[in-house]
Structures are given as C-alpha cells and as structure tokens.
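# Observations on the three-dimensional arrangement
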Amino acid sequence: MEEWSIEKQKLRFRLQFFAAEGPGGEKTEEATTKKLEDARKEGQVAMSHELTTALSLMGLFMALKIFVGSVGTDFLELFKGGYNGISTIVMEGFDLNTIGALFQEYIVQILLIALPFFAIAVAVGFISNVAQVKWKVTGKPLMPKLSKINPISGFKKIFSLDKVVELIKSIAKILVIFILVYTTMKDKVGELQLLYQLGSLQGAIALIGDEVINLGIKISAFFLVIGFADLIYQKLKFKKDMRMTKQEVKDEYKQTEGDPQVKGKIRQRMREASQRRMMQKLPEADVVITNPTHFACAIKYDKEVASAPVLLAKGADYVAAKIREAAKEHDIPIVENKPLARMLYYNVELEQEIPAELYQMTAEVLAYVYNLKNRAG
C-alpha cells in the first residue's frame with residue numbers, strides 16, 4: 001500500500017508538471033477586455049516579427065532598385081576620389097594621420113549614401129509594428145523577472161509548439177533562399193561570364209547590382225508570404241494563450257465589479273442608513289398618506305423652502321407600519337388615499353418635490369389636513 005501511495009504522488013507530480021497554467025481547470029473561456037488590456041500593458045501582443053523583417057527588407061531593396069543608378073554613380077565617384085587620394089599618399093609618402101583622416105572621410109561618405117536606405121527600412125518596420133498592434137509604449141517587457149529564469153518553464157518552452165514552428169520556419173527559409181539563389185544564378189551564369197567583355201566598370205557594377213537587388217526582392221517576397229502566415233498563426237496562438245478558466249473569469253469579475261455578497265451587504269447598509277435618515281425627518285411631515293396597510297408616504301409643504309410639497313419618507317409593508325407608528329407618536333395626521341399613496345411610492349424619490357400631475361390630489365389632502373388643524377385650534 002505504501003508503494004502504491006508513492007506511485008500516486010509521482011503520477012500527480014508528473015500531471016501537474018505538464019498541466020496548463022492557471023487555476024480553475026481547463027481554459028475554455030475567451031479572454032475578457034480587462035485581461036487583454038493588462039496583457040498589452042505587459043507587452044504581450046499578437047504580432048509577427050517575421051512580417052516586420054520581410055517588409056523592411058522589401059522596402060530596402062525596392063528603394064535600392066529605384067535609386068540604384070544614383071547610388072552607383074555616388075559609389076563610383078567615391079571610388080575615384082579614394083583611388084586618387086591613395087595615389088597622392090603613395091607619391092608624397094605614407095603618413096598615418098593623413099591615411100586615418102582619409103579613411104574616416106570615406107566611411108562617413110559611405111554611411112551618408114547608405115543612410116537613407118536604412119532609414120526607409122527602419123521606417124517601414126516601425127509602420128509595420130504600429131499597424132499590427134497600434135501605438136502603445138510600455139517598458140514592462142524590459143523589467144527583469146525571476147520567472148524568465150525558471151528552469152522548469154525554460155524546459156517546457158524548449159519542447160513547446162512555438163519552438164517547433166520556429167524550427168520549421170528556419171528550415172523553410174534556408175531551403176527557399178538556397179533554391180532562389182540557385183535558380184537565379186543558374187539563369188544568369190552566361191551573363192556573369194561576359195562581365196570581362198563589358199567596356200566599363202560602371203556597366204559591370206550596374207549588372208551585378210541589378211541582379212543582387214532582383215534576388216533580394218524575390219527573397220523579400222517569399223519572406224512576406226511567411227510573415228503573413230506567421231501573423232495569422234500568432235493571432236490564433238495569442239487568442240488561445242489568453243483564454244481563461246471559468247474560475248479566473250469569476251475572480252476577475254469579483255475584482256472589477258465586486259463580490260456580489262459584499263455588494264449586497266453594502267446596499268443593505270445604505271438602505272438602512274437611508275431609512276434612519278428618513279425616520280429622523282419624519283416628525284417634520286405635515287401628513288402621512290397610506291394605502292392603508294401596504295404603503296405609507298409622508299409629505300411636507302413649506303412655501304418658503306420649496307415650490308411644491310416634498311416627499312420626506314416612504315415605505316411598504318414593515319417600513320410602512322413603522323412610518324404609521326412614528327406618525328401617531330408625533331401626532332401627524334394619517335390620511336388614507338390608495339391611488340395617491342401608490343403613485344407617490346412608485347414615482348417620487350425621497351426629498352424630491354411632488355410632480356405636477358399629482359398637485360391636485362396632494363392639494364386636496366393637504367387642504368383636508370389644514371382644515372382639521374384649524375378646527376382643532
């Protein structure tokens with residue numbers, strides 16, 4: 001029996017090791033808006049870096065294809081200037097300071113020529129990212145987390161579906177790039193063999209540059225296909241990863257909306273506080289209108305304070321009985337008027353003036369009360 005207990009514990013540990021993260025069972029519920037917003041704040045979004053890279057490459061090679069003529073001319077002029085500068089140095093004698101300044105100048109010139117094209121690639125990549133996930137800056141992904149160095153989580157990630165997909169994408173890239181390079185070079189071998197017959201260096205450079213750019217565009221187009229496929233996969237994966245268990249949905253609702261039991265107790269206490277205030281003001285009432293047993297409404301009319309009678313208290317059943325008891329204690333007249341009592345109870349809030357449509361009925365009751373007081377006086 002003891003051996004069987006140990007085996008059960010081992011089995012439970014293995015099942016927990018490979019179980020999906022999150023309390024409350026299987027994640028079957030779609031992510032709530034709050035969870036998606038929290039994930040975005042943490043930098044967790046559905047985006048494809050493959051698509052961003054592909055668009056950047058395509059932007060770079062398309063810009064080169066459009067401006068290849070001017071770029072070639074600039075590099076030839078730079079080459080001529082460098083060649084003349086080296087010749088001058090050789091004739092005048094080697095000087096390390098002069099050579100260093102010359103190379104520094106050429107490096108700056110090369111960067112200035114290449115900078116616009118790299119800027120285009122970066123701009124296209126930035127626009128691609130914004131188009132995929134919109135603009136929201138957060139520094140939380142840069143914050144160090146102990147969970148990132150958890151050996152168990154790392155072991156699980158090594159054999160995860162993501163790594164398999166990444167491996168498949170890498171193999172596909174290598175194979176397709178090899179095929180594209182091979183087929184392109186195979187078709188252009190004849191032209192490349194005739195480079196030495198071209199009359200100028202500029203023509204040879206233009207031919208090689210044109211072939212390299214066309215090959216780059218083909219590779220970028222293939223990367224675009226992979227990028228769009230990866231974007232679809234990332235969106236589906238993100239949607240699946242963001243799923244929640246039923247318990248997580250309940251817990252989040254309690255956090256955002258509040259525990260129903262706690263909210264019920266709060267409402268009860270608010271009602272009790274409101275009733276206490278209502279009963280404290282009841283002695284100021286001129287009359288209590290009843291149903292006669294189900295409803296009771298106390299009103300007061302003071303011309304100097306309000307333009308119409310004001311509802312001081314109202315209640316049904318038990319509260320109505322308490323209002324009638326308080327009215328008797330303070331010698332407040334009690335008048336039975338079933339229609340008016342019901343309309344006051346359902347249509348007028350505490351400390352609000354009586355609506356115009358009830359003026360006539362209320363005025364009749366008040367006139368009756370004032371007549372009683374005059375007779376008693």
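Details of the structure are given in the entry above.
Scope of this entry: the structure provided in the associated data block. (Residues numbered from 1 in each chain as written. Predicted model: local features only at pLDDT ≥ 70, side-chain atom pairs only at ≥ 80, totals over all residues. Heavy atoms only, no water.)

This paragraph deals with the packing of aromatic side chains. Going through the model one piece at a time under the given rule, you end up with 5 aromatic pairs. Aromatic pair Phe178 and Tyr182: ring centres 6.4 Å apart, planes at 15°, arrangement stacked. Taken together, the residues Phe178 and Tyr182, both in helix 6 (residues 161–193) and 4 residues apart, mark about one turn of the helix. For Phe178, a relative accessible area of 58% puts it in the exposed group. For the ring pair Phe222 and Phe223, a centre distance of 6.0 Å and an interplane angle of 50° mean the geometry is tilted. Just as Phe222 is buried, Phe223 falls in that class too. Positioned above the aromatic ring of Phe223, the side-chain terminus of Lys173 is 5.7 Å from the ring centre. The ring centre of Tyr345 lies 5.3 Å from the NZ or CZ of Lys314, which sits over that ring. (Phe/Tyr/Trp six-rings, centres within 6.5 Å; stacked < 30°, edge-to-face > 60°. Helix = DSSP H or I, 4+ residues; strand = E, 2+ residues; numbered from the N terminus. Buried < 20%, exposed > 50% of the residue type's maximum accessible area, 1.4 Å probe, protein only. Lys NZ or Arg CZ within 6 Å of the ring centre and 35° of its normal.)

What follows covers the pattern of salt bridges. Side-chain pairs of opposite charge can arise whenever the charged atoms involved come near each other. Applying the stated rule across the entire model yields 4 salt bridges. For Lys173, the salt bridge goes to Glu50, with nearest N and O atoms at 2.6 Å. With Lys173 in helix 6 and Glu50 in helix 3 (residues 49–92), the pair connects residues that are 123 residues apart, well separated along the chain. A salt bridge links Glu351 to Lys281; its shortest N-O distance comes to 2.5 Å. Here Glu351, found in the loop between helix 11 (338–347) and helix 12 (359–376), pairs with Lys281, found in helix 9 (residues 260–281); they are 70 residues apart in sequence, far enough to count as distant. (Salt bridge = Lys/Arg side-chain N within 4 Å of Asp/Glu carboxyl O.)

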